[in-house]
Amino acid sequence: MISNDNDPELNGKYLGTISSDFIKICDNLKEASYQVRKRGFSEYPIFPISKDEQPIGQLFLSNKEKPIDWNYYITYLDEFIQRKLIQEEALEQFKATYKDPDEFCCLFVVDETFTNFLYIPYPNE
């Protein structure tokens, strides 16, 4: 099962580059999250990120087009269930630990042998 907590391994290895990107694009991510919820697609928007192409979600922001280290994709909880990345029996746990999408961005880090969720708070306005 995929953990839903911010992992210490993730923090040490990835947080610097992810945070650097996040400052540049957090407004785009926050607006996209809002639109996903407002339009009724899902209450659980998720942004998979990777350095290379990956199959989860639709490409939202590319590191080839913007000065960022990661590619940002956009999807929501249903795709994770369909792909069996989150099992039905873990669904309630995921929903219970999913942080407020108005305050936190739910990233899903995909990098070689490491995958995990990461919640980053949006900067205060």
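Whatever comes next refers back to the structure up there.
All of the points below concern the structure found in this document.

Further remarks concern the packing of aromatic side chains. Under the definition given, this model contains 11 aromatic pairs. Where Phe80 meets Phe117, the ring centres are 5.6 Å apart and the plane angle is 40°; that geometry is what we call tilted. Taken together, the residues Phe80 in helix H2 (residues 77–82) and Phe117 in strand S5 (residues 114–121) connect sequence positions 37 residues apart. For the residue pair Phe80 and Phe117, the accessibility class agrees, reading buried in each case. Among the aromatic residues, those joined into a ring-pair cluster are Tyr44, Phe80, Phe94, Tyr98, Phe108, Phe117 and Tyr119. Positioned above the aromatic ring of Trp70 is the side chain of Lys51, whose terminal nitrogen or guanidinium carbon lies 4.7 Å from the ring centre. When the ring centre of Tyr119 is taken as origin, the NZ or CZ atom of Lys99, which lies over that ring, is 5.9 Å away.

Right, let's talk about the environment of Lys99 for a bit. When you line up the elements, Lys99 lands in the loop between helix H3 (91–97) and strand S4 (104–111). Overall, the relative accessible area of 34% leaves Lys99 in the partly exposed class. A sequence separation of 20 residues divides Lys99 from Tyr119, and the C-alpha atoms of the two residues are 7.3 Å apart. With residues up to four places along the chain from it excluded, the contact list for Lys99 reads Phe104 and Tyr119.

Here we come to the state of the cysteines. Applying the stated criterion across every chain, the model contains zero disulfides. Looking at Cys105, it has no disulfide partner, and the nearest cysteine sulfur is the one in Cys106, 7.2 Å off. Using a relative accessible area of 0% as the deciding quantity, one classes Cys105 as buried. Cys106 sits in the buried class, given a relative accessible area of 2%.

Thresholds applied
- Residues numbered from 1 in each chain as written.
- Predicted model: local features only at pLDDT ≥ 70, side-chain atom pairs only at ≥ 80, totals over all residues.
- Heavy atoms only, no water.
- Phe/Tyr/Trp six-rings, centres within 6.5 Å; stacked < 30°, edge-to-face > 60°.
- Helix = DSSP H or I, 4+ residues; strand = E, 2+ residues; numbered from the N terminus.
- Buried < 20%, exposed > 50% of the residue type's maximum accessible area, 1.4 Å probe, protein only.
- Lys NZ or Arg CZ within 6 Å of the ring centre and 35° of its normal.
- Contact = heavy atoms within 4.5 Å.
- Disulfide = S-S within 2.5 Å.

Geometric descriptors of this kind do not, in isolation, establish any biological role.
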